[in-house]
Amino acid sequence: MFHALIPFEEMDQFSDMALVVEGRKLHVNKAYLMMHSPVFHRMFTSNFKEKNLMEVPLPGKKYSEVSELLKQIYPGEPIDLLNDESLPHLLKLADEYDMRQVFHNCQQHILKNLIDKSRLSTDRVLFYLGIVEKYERLSSLRETLIDLASRIFTKDLEKSKHFPNVPATAMRDALFLRLKRIESTQYASFFGDINPCLWRP
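**Student:** Looking at this structure, how should I read the sheet that holds strand β1 (residues 17-21)?
**Tutor:** Pairing between sheet strands relies on hydrogen bonds along the backbone, with the strands arranged either parallel or antiparallel. One open sheet holds the 3 strands; their spatial order is β2-β1-β3, and the pairing between them is mixed. At either end of the open sheet lies a strand with only one pairing partner, and these are β2 (24-28) and β3 (55-57). Geometrically, the sheet is characterised by an average inter-axis angle of 30 degrees between neighbouring strands, direction not taken into account. Bridging between β1 and β3 involves 3 bridges; their strand directions are parallel. Among the inter-strand pairings, alanine 18 is bridged to a residue of β3, identified as glutamate 55.

**Student:** I keep staring at the nonpolar core and nothing clicks. Help me out?
**Tutor:** The nonpolar side chains of soluble globular proteins are, as a tendency, buried together. Residues Leu19, Leu33, Phe40, Leu70 and Met99 are the most contacted members of the largest nonpolar core, which totals 53 residues. Residue contributions to this core peak at 7 residues, all from helix α6 (residues 122-132). Apart from residues no more than four positions distant in its own chain, methionine 99 is found in contact with Leu33, His36, Ser37, Phe40, Leu69, Ile73, Ala94 and Arg137.

**Student:** Can you help me understand the layout of surface pockets in this one?
**Tutor:** If a probe as big as a water molecule is rolled over the atoms, it shows which places are left empty. There is about 370 Å³ of room inside the largest pocket. Among the residues making up the lining of the largest pocket, the classes are represented as 12 nonpolar, 4 polar and 5 charged. One number sums up the size of the second largest pocket: a volume of about 190 Å³. Around the second largest pocket sit Pro88, Leu126, Phe127, Gly130, Ile131, Lys134, Tyr135, His162, Asn165 and Val166, which together line it. Here the lining of the second largest pocket takes 4 residues from α6, the largest share from any one element. In terms of residue class, the lining of the second largest pocket is made up of 6 nonpolar, 3 polar and 1 charged.

**Student:** Explain a nonpolar patch on the surface to me, please; I cannot follow it from the model alone.
**Tutor:** A surface patch of nonpolar side chains, amounting to about 290 Å² of accessible area, comprises Phe176, Leu179 and Ile182. Its place among the elements puts leucine 179 in helix α9 (residues 168-191). Of the residues examined, leucine 179 reaches a relative accessible area of 48% and is grouped as partly exposed.

Procedures and definitions
Residues numbered from 1 in each chain as written. Predicted model: local features only at pLDDT ≥ 70, side-chain atom pairs only at ≥ 80, totals over all residues. Heavy atoms only, no water. Pairing = 2+ DSSP bridges. Helix = DSSP H or I, 4+ residues; strand = E, 2+ residues; numbered from the N terminus. Axes fitted to C-alpha atoms, helices over the stretch in contact; angles between N-to-C directions. Core = buried A, V, L, I, M, F, W, Y, C linked by side-chain atoms within 4.5 Å. Buried < 20%, exposed > 50% of the residue type's maximum accessible area, 1.4 Å probe, protein only. Contact = heavy atoms within 4.5 Å. 1 Å grid on protein atoms, 1.4 Å probe; cavity = no way out; pocket = protein on both sides within 12 Å on 5 of 7 lines; lining within 4 Å. Points joined across faces, edges and corners; volume = space filled by probe spheres on them. Nonpolar A, V, L, I, M, F, W, Y, C, P; charged D, E, K, R; others polar. Patch = residues over 30% accessible without salt bridge, like charges linked within 9 Å, V, L, I, M, F, W, Y side chains within 5 Å. Areas by Shrake-Rupley, 256 points an atom, 1.4 Å probe, with all protein chains shown as cover. Salt bridge = Lys/Arg side-chain N within 4 Å of Asp/Glu carboxyl O.

Okay, structure coming up:
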C-alpha cells in the first residue's frame, strides 16, 4: 500500500540535522533554518551546546505544531495550509524563534479573510483582534479590525466566545471610534447650530 510521505519525517538530499520533538525527528536543513530564524542562527553559530549536534531536542514543544511551523518557511504554498485554529500556536512559535516569514504568512491569511466579506463574523473579527493585539508585527491589521469591531452591536460583542480575550485597550478604541461616528452623524440633527464647544471642559 502506498503511504504519502509526511514532510520532514524522513531525510532527503538537503537535510543535514534533525529537530527532536516529543521523541520524534523532524529532518531539516540547518542553513535554511538559520536563514529564517535568528534564534536558530545564534544557536548554531555561538557557543551553545546545540552548535555541533546532529539532533537538537526542543523540549516542551508539540511535534504537530513544529511541523506546521516548518511548512511555513519551506517552499510551496504555505498560506494555503493555514487555518484560524493554527494561528495561535504558529504565531507563538514564530515569536519565540523570530521567524518573520511566518508572521507574514499569517498576516496574509488574516487579510484574505478580512477582504472576503462572506467569511466575516463577530467571532472571527474578535478572534483576529485578540491575536493582532499580541504581536507588533501584525499591527498593520489593527486599524481595520478596530473599525470592524466598532460596527458590531454591543450585545453581539458580549455574546462572542472571543470577547473575553480582546484586550481592554482594543475594545476601548473600537467603542471610542463608534462614539465618534455617532457624534459626526447625529449631533447636528439633535442640536442644530448649538456650539459643541459649550460642552467642553
